[in-house]
Amino acid sequence: MAVLGIAFGYLGLLFVIAAWGDRRAEQGRSLIGSPTVYALSIAVYCTAWTFYGSVGRAASSGPSFLLIYLGPTLAMLMAPLLIRKMVRIASAQRITSIADFISARYGKSSSLGALVALIALIGITPYIALQLKAITLSHAVLVNYPQAADMRLVDESFWHDKSFWVALVLAVFIILFGTRHLDASERHEGMVAAIAFESLVKLVAFMAVGVFTVFVLFNGPGDLFARVAATPELAGALSLEAVPGGAVGWMGTLVLAFLAFLTLPRQFQVLVVENVDERHLKRASWLFPLYLLAINIFVIPIAMAGMLLGDISGNPDSFVLTLPLSAGLDGLPLLVFIGGLSAATSMVIVETIALSTMVSNQLVMPLLLRSRRLQLGSRGELAGWLLGIRRVAILLILLLGYLYHALIGDSYSLVTIGLVSFTAAAQFAPALLIGMYWRGANRKGASLGLIAGFLIWAWTLLLPGFAQSGWLDPGFLDQGPWGIAWLRPYAMLGLEGWDIYTHSLLWSLVANVGLLVGISLFSRQSPLEQTQAALFTEAMHPGLMETSLWQGQTTRGELRLLLDRYLGANATARVFSRPDASEDDLPAPPALISRAEQALAGALGSASARVLINSVVRGEALDLDAILSILDTTSETLEVNRRLEQKSNELARASEELRSANERLRELDRLKDEFVAMVSHELRTPLTSIRAFAEILHDSQDLPEEKRRHFLDVVVHESQRLSRLIEEILDLARLESGRLTLNPQRLDLVILARHSLDAVHRLQENRGVDLEVDISLDTAWVVGDPDRLEQVIINLVDNAGKFTDDDDPRVLVRLERHKDHFRLAVEDNGPGIAEGERERVFEKFHQIKHSGSQARGRPKGSGLGLPISRGIVAHLGGRLWVEDAPHLGGACLVMEMPEAPAAEPEET
Amino acid sequence: MTSPRIKERLIALILLALVLFSPPLILMMDRNPEAGLSRLPLYLFLAWALVIALAAWLMERQSGK
């Protein structure tokens with residue numbers, strides 16, 4: 001009785017945890033919003049079949065039990081790629097179960113959804129029975145030890161069977177925490193929290209037995225395995241020889257576990273439907289495999305220990321209980337029993353919720369909606385109906401499981417039932433996985449593939465199981481039905497020597513995939529199927545979410561009425577952002593219709609939601625062409641986007657260039673204005689004095705001759721200045737328009753430079769400038785216009801003279817060879833020219849502004865000398881630039897001319 | 001998981017796991033010295049742990065950034 005008390009006390013604890021989880025969820029402080037809890041909830045994969053059966057399987061089939069966990073390890077490694085896509089699709093389409101998923105993929109087909117639900121019900125109920133059986137059996141072992149627990153279930157009345165009561169308590173639990181909300185997308189947070197807790201309990205319990213066995217019953221793993229190695233009967237127990245089917249069986253079981261992990265309804269429930277955040281997948285993708293590793297690490301030691309100890313251990317499926325019992329312990333066996341109980345109950349809870357959702361949404365609701373019997377008078381009545389259907393379904397599923405367990409449970413070992421269910425679930429894999437990646441897969445192919453796979457599964461695994469239970473004449477196993485040998489269930493088409501699961505998996509999947517692909521290739525999809533296929537295969541496409549799929553017409557009022565009737569006021573308020581009914585006569589926008597359909601799908605499944613929406617929306621329901629063209633042009637759009645981005649970058653660059661060019665233009669314009677003002681001033685000054693003196697000369701006839709001569713000198717001088725200025729302006733105009741006539745000829749730059757310097761020498765001396773000349777070359781032959789080059793040199797020296805230091809003015813002229821060029825450098829010891837200003841001195845009208853003394857503030861020339869010089873030099877093939885003066889420290893203007901081609905001596 | 005490099009590394013890891021858990025290597029590991037037990041389970045657990053460690057490294061390093 002104490003055992004029962006503890007067991008039901010444990011179930012009571014689950015109620016508390018689930019209630020707490022639900023309360024926290026309502027407060028918005030979710031318990032399950034962590035990747036660790038998510039990974040633990042996935043561990044619902046480890047059922048009583050793992051907890052008790054792994055040891056049994058290790059004892060009989062060596063390391064093959066590990067395959068059941070290596071397959072899911074592979075699947076979880078793919079989680080960030082594969083399961084993430086499933087989660088994305090499920091949240092976009094408000095998927096409620098794997099049947100709903102497959103039905104939605106193939107055009108929201110209610111028949112396909114019903115088919116999946118039916119197969120799941122038939123394939124999985126034995127698995128639920130297995131959990132109940134494990135509970136009964138472990139209780140019997142615990143209570144009856146050391147007598148063997150070989151009681152016959154059928155001999156006992158059901159009220160003595162503990163598993164009946166456990167099933168009943170579980171039904172209450174599931175009804176309380178599994179059907180609180182109608183909307184599956186609201187998730188069962190309390191239930192998930194309880195499942196995660198149960199995963200911890202079973203891990204701790206199993207590890208405890210493992211540590212006890214290895215370190216208490218034996219002196220560590222070394223001792224244990226030394227004794228195993230010394231026992232000849234156990235020598236081959238751990239090798240591949242013990243695995244049924246050898247290498248082929250190995251691969252078959254690996255594939256089977258991989259597929260079943262993704263397609264078992266309870267795994268789909270926790271992996272996809274109950275996922276709260278797809279980022280949790282990253283952590284879970286390694287944490288869950290780690291959990292599997294941990295719960296399996298002591299399986300082999302326990303199995304070996306049980307076999308070493310022989311009779312006192314009894315049935316290998318019960319080693320985890322009998323080993324601590326044989327040592328006379330009390331507490332540990334109880335912990336183990338609780339661990340097994342938690343493994344069994346967690347599986348039953350999740351599986352029953354998943355199956356009941358399928359039954360209500362895929363089997364019962366479509367029938368009710370179709371028959372039109374469902375007369376819904378008042379608002380929100382359907383919600384009550386739906387929850388009622390689910391509750392009844394939960395009770396029936398558990399009852400079915402119990403009946404299965406009570407009637408034929410004795411004839412199956414734990415492992416057998418598990419793999420039979422796995423193979424049934426694996427039939428969903430082709431429709432699910434191929435449908436997610438191949439847009440062409442269609443409903444007809446998926447349905448026929450599923451039916452064929454299911455029939456082959458039934459023929460090769462289910463019926464032989466019944467036969468072995470004594471329900472059928474086992475003769476057909478050996479001879480085949482009516483003596484047809486190639487139809488033998490364990491050797492279809494004469495394929496013999498394989499283990500029965502790999503054999504069944506091979507043929508069922510070959511038929512399933514073959515029909516799915518073959519029929520899809522040779523039949524057409526309906527428009528809705530095409531759209532759904534595109535939405536599923538392109539689920540990761542970022543632009544998809546915003547796309548509105550509805551094009552039909554209805555009013556807001558009709559839509560509101562529909563939601564009100566089926567989902568109740570709360571859900572309606574959530575869909576309609578504004579509560580007032582004033583706009584009910586207006587047409588409903590497509591986005592609103594989509595939201596309404598999603599809300600219905602979250603409660604009723606996508607097929608029923610589609611039927612209901614179609615009942616109020618008139619016209620073409622789907623803008624198929626639009627969605628397909630969006631998806632077809634995915635890559636095109638991306639490419640166009642990329643090019644657009646490139647173009648806009650170029651545009652930005654171009655506009656930046658334009659902006660700076662514009663700035664330069666403004667600057668030039670400003671300079672030009674200044675220059676015009678300055679030139680006018682410069683022109684006016686000589687003109688004014690010429691005019692003034694001319695007027696004096698004209699008016700005053702009696703001026704002394706001396707004064708008259710002086711005045712005339714002034715007039716002549718000013719006229720010269722005026723014509724020089726005009727000459728410069730004309731030069732500049734010619735340079736700019738390209739009409740400057742040059743007269744290139746071979747000339748010696750040394751001679752020309754000396755000649756030019758002689759011309760300015762006196763002038764510079766008068767200014768007090770110390771002009772040094774450093775010409776070390778004998779000759780420097782270049783091609784140029786002698787007059788123009790001389791003009792340039794004079795200009796450079798004159799210019800340098802203006803900018804020398806006030807106290808000790810110095811100018812240095814150097815002529816030297818640089819590779820095949822000659823450079824004439826004119827340095828001064830003035831303030832120099834700042835780096836940024838150096839190119840601008842060659843701008844027309846540019847005047848260097850001096851930050852220093854005011855005396856230098858006035859421009860010292862027209863500002864045309866350097867631009868003209870540069871224009872001339874450039875026309876002659878040379879360059880003119882500014883650099884730091886290496887000797888005097890001021891500015892240094894360098895003129896570079898290319899060396900003339902080798903000259904014939906007679907020309908010189 | 002947006003970076004294609006992560007995706008490539010993950011696919012490589014899945015393929016590695018598949019090779020480690022499949023027959024050619026399994027058969028090699030099963031070939032044990034005359035006496036004693038098969039080393040297969042030990043090998044499987046080590047390979048399994050390696051795969052999990054690599055996956056943890058790949059996933060956590062990336063989410064840490």
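Each residue is numbered by its place in its chain's sequence as written, counting from 1. Lettering of chains starts at A and numbering of ligands starts at 1, both following the order in which they are written. For this predicted model, a pLDDT threshold of at least 70 governs which residues receive local features, and a threshold of 80 or more governs which side-chain atom pairs are given and counted, while totals over whole chains, interfaces and linings are taken from all residues.

A. Structural context of the overall build of chain B. Note on conventions: DSSP H or I runs of at least 4 residues are helices, E runs of at least 2 residues are strands, and numbering of each starts at the N terminus. A count of helices and strands for chain B gives three helices and zero strands. Going from the N terminus to the C terminus, chain B shows its helices and strands as α-α-α. The buried share among the 65 residues of chain B stands at 26%. Any residue surrounded by 20 or more other C-beta atoms within 10 Å of its C-beta is treated as buried, while 12 or fewer makes it exposed and the intermediate range makes it partly exposed; C-beta atoms here are placed from the backbone.

B. Geometry of the overall build of chain A. Helix and strand counts for chain A stand at 34 helices and seven strands. Looking at chain A as a whole, 46% of its 908 residues are labelled buried. For chain A, the share of sequence-separated contacts (at least 6 apart) that also reach a separation of at least 24 residues comes to 83%. Note that contacts rest on C-beta atoms placed from the backbone: two residues are in contact if these are within 7 Å.

C. Just the confidence of the model for chain B, in detail. Residue and element names in this part refer to chain B. Overall, the predicted model of chain B reaches an average pLDDT of 81, with 78% of residues at or above 70. Think of pLDDT as the predictor's per-residue confidence, scored from 0 to 100. Across chain B, the secondary-structure element scoring lowest on mean pLDDT is helix α2 (residues 23–30), at 81, and the one scoring highest is helix α1 (residues 4–20), at 89. Reported confidence for the predicted complex is 0.93 by ipTM and 0.69 by pTM.

D. Local environment of helix α34 (residues 865–875) of chain A. All names here are of chain A. Most of α34 sits inside the fold, with nine of its 11 residues counted as buried. If you check which residues of α34 are buried, you get Gly865, Leu866, Pro867, Ile868, Ser869, Arg870, Gly871, Ile872 and Val873. The elements touched by buried residues of α34 are α31 (705–737), α33 (786–802), β6 (879–884) and β7 (891–898). At the C-terminal side of α34, Gly877 shows a positive phi close to 90°.

E. The interface of chain A and chain B, seen in detail. Of the residues lining the interface, 29 residues belong to chain A; the matching set on chain B comes to 29 residues. Contributions of two or more residues to the side of chain A that touches chain B are made by α5 (67–77), α11 (220–229), α12 (246–263) and α14 (280–296) of chain A. Gly counts as polar in this scheme, as do all residues outside two lists: the nonpolar Ala, Val, Leu, Ile, Met, Phe, Trp, Tyr, Cys and Pro, and the charged Asp, Glu, Lys and Arg. Within the side of chain A that touches chain B, the residues separate by chemical class into 24 nonpolar, three polar and two charged.

F. Expanded view of the packing of helix α27 (residues 590–604) of chain A against helix α28 (residues 606–616) of chain A. Residue and element names in this part refer to chain A. Helix axes use the C-alpha atoms of the stretch in contact, all axes being lines fitted to C-alpha atoms, and the angles between their N-to-C directions lie in the range 0 to 180 degrees. Contact geometry for α27 and α28: axes closest at 7 Å, N-to-C directions at 135°. Here α27 lies oblique to α28, going by the angle between them. Read as a crossing pair, α27 and α28 show a hand that is right-handed. Within the contact between the two elements, α27 uses Ile593, Ala596, Glu597, Leu600, Ala601 and Leu604 and α28 uses Ser606, Ser608, Ala609, Leu612 and Ile613. Grouping the amino acids of the contact of α27 with α28 by side-chain chemistry returns eight nonpolar, two polar and one charged. An angle below 35 degrees is treated as roughly parallel, one above 145 as roughly antiparallel, one from 65 to 115 as roughly perpendicular, and anything else as oblique. If you view the pair so one helix is near and one far, a crossing is left-handed when the near helix is turned anticlockwise from the far one by less than a right angle, and right-handed when it is turned clockwise.

G. How the structure looks around the pairing of β6(A). Only strands that DSSP links by at least two bridges are regarded as paired with each other. Where β6(A) meets β7(A), six bridges bridge the pair, whose relative direction is antiparallel. Residue pairing in the sheet places A:Arg879 in a bridge with A:Glu896 of β7(A).

H. How the structure looks around the environment of A:Ser523. Residue and element names in this part refer to chain A. Considering the arrangement of structural elements, one finds Ser523 in the loop between α23 (500–521) and α24 (527–537). The exposed category is assigned to Ser523, around which 12 C-beta atoms lie within 10 Å. The contact partners of Ser523, leaving out residues within four places of it in the chain, are Asn442 and Lys444.

I. Molecular detail of the sheet that holds strand β4 (residues 810–818) of chain A. All names here are of chain A. If you walk across this open sheet you meet the five strands as β2-β4-β5-β7-β6, and the pairing is mixed. Where the open sheet ends on each side, the last strands, each with one partner, are β2 (770–775) and β6. The average angle at which neighbouring strand axes cross in this sheet is 20°, direction not considered. Across eight bridges, β4 lies against strand β5 (residues 821–828) in antiparallel orientation. Note on β5: the bridge partner recorded for Val813 is Val826.

J. Broad picture of helix α21 (residues 443–468) of chain A. Residues and elements named next belong to chain A. For α21, built from 26 residues, the straight-helix expectation of 38 Å at 1.5 Å per residue is met to within 8% by its first-to-last C-alpha distance of 36 Å. The axis of α21 is deflected most strongly, by about 40°, at Ala458. Positive backbone phi, approximately 90°, marks Gly470, located one or two places after α21. Expected span, for any helix, means 1.5 Å times one less than how many residues it has. To get the bend at a given residue, fit one axis to the seven residues ending there, fit another to the seven starting there, and take the angle between those axes.

K. A look at the nonpolar core. Residue and element names in this part refer to chain A. Counting 221 residues, the largest nonpolar core has Ile42, Ile102, Val116, Ile302, Ala303 and Leu600 as the members making the most contacts within it. Considering each element in turn, this core owes the most residues, 19 residues, to helix α8 (residues 110–144). For the domain bounds, the source is a domain assignment made automatically or taken from a database. Residue-level mapping places this core at the junction of two domains, with at least three residues from each of domain 1 (2–368 + 380–437) and domain 2 (548–628). In this structure Ile102 touches Leu112, Gly113, Val116, Phe428, Ala431, Leu432 and Ala446, once residues within four positions along its chain are discounted. For the purposes of this analysis, a nonpolar core is taken to be any set of buried Ala, Val, Leu, Ile, Met, Phe, Trp, Tyr and Cys residues that are connected through C-beta atoms within 7 Å. Grouped together as the second largest cluster of nonpolar side chains are 38 residues, Leu771, Val792, Val797 and Leu824 included.

L. Region of interest: the pairing of β7(A). Pairing geometry for β5(A) and β7(A), over seven bridges, is antiparallel. When the bridges of β7(A) are listed, A:Glu827 appears paired with A:Cys892.

M. Spatial organisation of unusual backbone geometry. Residue and element names in this part refer to chain A. Positive phi, close to 55°, is recorded for Arg94, a residue that is not glycine. With 23 C-beta atoms counted inside 10 Å, the residue Arg94 sits in the buried group. A positive phi angle, close to 50°, is found at Lys108, a residue other than glycine. When you line up the elements, Lys108 lands in the loop between α7 (98–105) and α8. The class of Lys108 is buried, set by 25 C-beta atoms lying within 10 Å.

N. Representation of the packing of helix α25 (residues 556–567) of chain A against α27(A) in the model. All names here are of chain A. Relative to each other, α25 and α27 sit at 10°, their axes nearing to 11 Å. With respect to α27, the axis of α25 lies roughly parallel. Taking contact as the criterion, the partners of Leu559, Leu563, Tyr566 and Leu567 in α25 are, on α27, Leu592, Ile593, Ala596, Ala599, Leu600 and Ala603.

O. Structural view of the confidence of the model for chain A. Mean pLDDT over chain A works out to 82, with 88% of the residues at or above the 70 mark. Note that pLDDT drops below 50 for residues 850–859 of chain A; the model gives that stretch five contacts with residues more than four away or on any other chain.

P. Highlighting the environment of A:Arg838. Within the secondary structure layout, A:Arg838 lies in the loop between β5 and α34. Sequence-distant contacts of A:Arg838, that is, excluding residues within four places in its chain, are made with A:Ile833 and A:Val882.

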